[in-house]
Amino acid sequence: MSTPAAAYAESALLGALLQDPRRAVEVRDWVRAEDFADPWNREIYRALIDHGLYSHPEVLAQPAQLRPWQLGRLVIQQLHHAALAQGWQVRPEDWMQVAGHLTNLPQQVPNAAHAADYGRAVAQASMERTVGPFGEFAEQAILAAVLARPEEAERLRGWLHAEDFTDPWMGQMYRVLVEEGLATHPAVTVHHSSPDQQRVLAEMLYQELQRKAVLQGWGISQDAWPQVAAQVRDLIGVHRPAHPELAAQIGQRVLRSSIQRQVAEAGARIERTLAWPGAPSAAMEIGETLTLLRELEDHWERAVGRFEGVGGSIAPDRAAQRPEMAFTEDAVLGSLMRDPGQLAHVRDWLRPEDFTHPGRAEVYTAMIEAVDAGGTIDPVLLVWDAHRRQPRSAQQLSSDAVWAIYQAGRPGVVQGGARALVEASIVHHVRSATSAIARAAGDPTAAPGHVIATARGHLQQASAQATRLSQARRPAPAPSWAG
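All of the points below concern the structure found in this document. Everything quoted here is computed from the prediction, not taken from an experiment. (Residues numbered from 1 in each chain as written. Predicted model: local features only at pLDDT ≥ 70, side-chain atom pairs only at ≥ 80, totals over all residues. Heavy atoms only, no water.)

### Things to note about the overall build of the protein chain
Each helix and strand counted, the protein chain has 22 helices and zero strands in total. Burial statistics for the protein chain: of 483 residues in total, 43% are counted as buried. Nonlocal contacts in the protein chain, meaning residues at least 24 apart in sequence, comprise 72% of its contacts between residues at least 6 apart. Accessible surface, the protein chain as shown: approximately 25300 Å² in total, 56% of it carbon and sulfur. (Helix = DSSP H or I, 4+ residues; strand = E, 2+ residues; numbered from the N terminus. Buried < 20%, exposed > 50% of the residue type's maximum accessible area, 1.4 Å probe, protein only. Contact = heavy atoms within 4.5 Å. Areas by Shrake-Rupley, 256 points an atom, 1.4 Å probe, with all protein chains shown as cover.)

Below is the structure:
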């Protein structure tokens, strides 16, 4: 065991289950026998949970005070059966110690109601053993997790890269499995049995490594390939993690070490530029480092659970979200059609996505592009251009609708209406952000890193949107009367 506390958690969890077998339902779906470091504790838990002894009729038929004794007797029987079937080398005196251990387990637990808490400690200790106290086993663990559960590759793709591995050979295996898509190859996914998937994927990985070694001239001798084969076998055997479905968490340990390493190397590069008189390349190196840091931050945010578009405008059905702005949107568009010169005053801060009712964003975009192309804002051409952009979209405006907006338009009201649209858009972004944060914070299974990343991502987007207010709230320029 990694710590005395973890050792106590194992004994306490087993004692709680023996004391009150009903507690098994609280841990059976997420604590596994492989999470136990002590071999006997592992087999006792396997007997209790995997073999279903906690719900055995002979146990349930007993009064509560006799259930620990009856359950312990059944566990000993199951352990004897497993020893015979699997050829364990167990001496008679060892069985006496196991029996004594089983008898003492429930007596050492003050309250079986804490079974889930003990289970969390066991699972946490298991993860620490999987990746190592300093993450030193994380690279082999992530490969073993993908081999054990190939679908995990999709959760790693895009933020964990082969270059993040310190061991070049493991990095090559990761590139083949995840980045080049071997884990999702039809020859693997066609198998429904997990052992079959592991076997096929391990064989294909070994073959692909050999093929690439020849094509790319890695210079590996034939004598080394048996060692490679043994390494791959160990990844689906002795190194198989207890929870391959937690591959993303294991990958985070690999990425964390990679980020620390890359930041340190970047700092050293900046330091070296100071050796030159005047440090002429320092600014360039610092700029490149800032770019690198943004990339690393993006990888980390994706690693800890940020979904695509987090903090963005979450408005697939925008019209339903800001219905009160329908009149204002039409007033802005109509005024622009009547007095196109107003577009210069708002185009830098009024965006198409600020229009949420069907077809309005497309018409506004068409106006901007018409002016940029040296043309004029013509209602008929706007209808044609908006339809050209989305010929089969329900977001179209009919010719009659555009003409009605034009007819109702009044010159000189664009800036005030546009300001209202921008403010409504910002309110929408902030509300979307707080809603997403509330969902993340209210999820009891969410990791703190996921909550923080989601909150930061959404608030950053809302803050970026809010900067437009300073432009939108500037006084309108004095009107210029042409001709």
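### Description of the pattern of salt bridges
A full pass over the atoms with the stated rule returns 23 salt bridges. For glutamate 151, the salt bridge is made with arginine 149, and the minimal N-O distance between the two is 3.5 Å. The shortest N-O distance in the salt bridge between arginine 157 and glutamate 154 comes to 2.5 Å. Judged by relative accessible area, glutamate 154 falls into the partly exposed class, the value being 44%. Because the salt bridges share partners, they merge into one network encompassing Asp20, Arg22, Arg23 and Glu26. (Salt bridge = Lys/Arg side-chain N within 4 Å of Asp/Glu carboxyl O.)

### Things to note about the packing of aromatic side chains
What the rule picks out here adds up to 10 aromatic pairs. Ring geometry for tryptophan 40 versus tryptophan 95: centroids 5.5 Å apart, planes at 65 degrees, classification edge-to-face. Of the two residues, tryptophan 40 sits in helix H2 (residues 39–50) while tryptophan 95 sits in helix H5 (residues 92–104), which places them 55 residues apart along the sequence. Ring geometry for phenylalanine 165 versus tyrosine 174: centroids 5.0 Å apart, planes at 35 degrees, classification tilted. Each member of the pair phenylalanine 165 and tyrosine 174 is classed as buried. Three or more aromatic residues joined by ring pairs make a cluster, and in this case those are Trp169, Tyr206, Trp218 and Trp225. (Phe/Tyr/Trp six-rings, centres within 6.5 Å; stacked < 30°, edge-to-face > 60°.)

### A look at the side chain of histidine 243
Counting through the fold element by element, histidine 243 comes out in the loop between helix H12 (225–235) and helix H13 (247–273). For histidine 243, a relative accessible area of 8% puts it in the buried group. The residues touching histidine 243, leaving out its near neighbours within four places in the chain, are Trp30, Arg32 and Asp35.

### Here's the deal with the packing of helix H15 (residues 326–338) against helix H19 (residues 399–408)
The contact between H15 and H19 brings their axes to 7 Å, and the two run at 75 degrees. When the interaxial angle is binned, H15 and H19 end up roughly perpendicular. The residues of H19 that touch H15, namely those facing Asp330, Leu333, Gly334, Met337 and Arg338, are Val402, Ile405, Tyr406 and Gln407. The residue inventory of the contact of H15 with H19, partitioned by class, reads five nonpolar, two polar and two charged. (Axes fitted to C-alpha atoms, helices over the stretch in contact; angles between N-to-C directions. Parallel < 35°, antiparallel > 145°, perpendicular 65-115°, else oblique. Nonpolar A, V, L, I, M, F, W, Y, C, P; charged D, E, K, R; others polar.)

### Some remarks on H5
When the terminal C-alpha atoms of H5 are compared, their 19 Å separation across 13 residues agrees well with the 18 Å that a helix rising 1.5 Å per residue should span. Regarding H5, the residues found buried are Asp94, Trp95, Val98 and Leu102. For H5, the angular spread of buried residues about the axis comes to 100 degrees, placing them on one side. Of the exposed residues in H5, the ones pointing more than 90 degrees away from its buried face are Pro92, Met96 and Gln97. (Expected span 1.5 Å × (residues − 1). Arc of directions from axis to C-beta.)

### Concerning the nonpolar core
One finds Ile142, Leu160, Met173, Leu177 and Leu205 to be the most contacted residues of the largest nonpolar core, which totals 47 residues. Looking at this core, the elements with two or more residues in it are helix H6 (115–131), helix H7 (138–148), helix H8 (153–156), helix H9 (168–179), helix H11 (194–216), H12, H13 and helix H14 (282–303). For this core, the element with the most residues is H7, which contributes eight residues. Dropping the residues within four chain positions of it, leucine 160 is found in contact with Ile142, Phe165, Tyr174, Glu179, Gly251, Val254 and Leu255. Counting 35 residues, the second largest nonpolar core, distinct from the first, contains Ala9, Val59, Leu71 and Ala83. (Core = buried A, V, L, I, M, F, W, Y, C linked by side-chain atoms within 4.5 Å.)

### Some words on the environment of leucine 160
Residue placement: leucine 160 occurs in the loop between H8 and H9. Along the sequence, leucine 160 and serine 258 sit 98 residues apart, while their C-alpha atoms lie 9.5 Å from each other.

### Considerations on a nonpolar patch on the surface
Taken together, the side chains of Val263, Ile286, Leu290 and Leu293 define a hydrophobic patch exposed on the protein surface, amounting to about 300 Å² of accessible area. With three residues, the top contributor of residues to the nonpolar patch is H14. Take valine 263: it is sitting in helix H13. A relative accessible area of 35% places valine 263 in the partly exposed class. (Patch = residues over 30% accessible without salt bridge, like charges linked within 9 Å, V, L, I, M, F, W, Y side chains within 5 Å.)

### Observations regarding the packing of H9 against H11
Packing of H9 against H11 leaves a shortest axis separation of 10 Å and a crossing angle of 115 degrees. The angle between the axes of H9 and H11 places the two elements in the roughly perpendicular class. For the pair H9 and H11, the crossing hand works out as right-handed. Here Trp169, Gln172, Met173, Arg175, Val176 and Leu177 of H9 come into contact with H11, specifically with Leu201, Leu205, Glu208, Leu209 and Lys212. Looking at side-chain class alone, the contact of H9 with H11 contains seven nonpolar, one polar and three charged residues. (Left-handed = near helix turned anticlockwise from the far one by under 90°.)

### Looking at the side chain of aspartate 35
When you line up the elements, aspartate 35 lands in the loop between helix H1 (4–19) and H2. One buried charged side chain, aspartate 35, makes no salt bridge at all; its nearest oppositely charged neighbour is arginine 129, positioned 5.7 Å away. A distance of 2.7 Å separates the side chain of aspartate 35 from the side chain of serine 126, its partner in a polar contact. Within the local environment of aspartate 35, its side chain forms a polar contact with the side chain of histidine 243, the two groups lying 2.7 Å apart. Sequence-distant contacts of aspartate 35, defined by excluding residues within four places in its chain, comprise Glu10, Trp30, Val122, Ser126, Arg129, Ala242 and His243. (Lys, Arg positive; Asp, Glu negative; His and termini not counted. Polar contact = N/O pair within 3.5 Å; in protein donor to acceptor, adjacent residues only side chain to side chain.)

### Quick word on H7
Taken across its 11 residues, H7 has 10 buried, putting it largely inside the fold. Regarding H7, the residues found buried are Ala138, Glu139, Ala141, Ile142, Leu143, Ala144, Ala145, Val146, Leu147 and Ala148.

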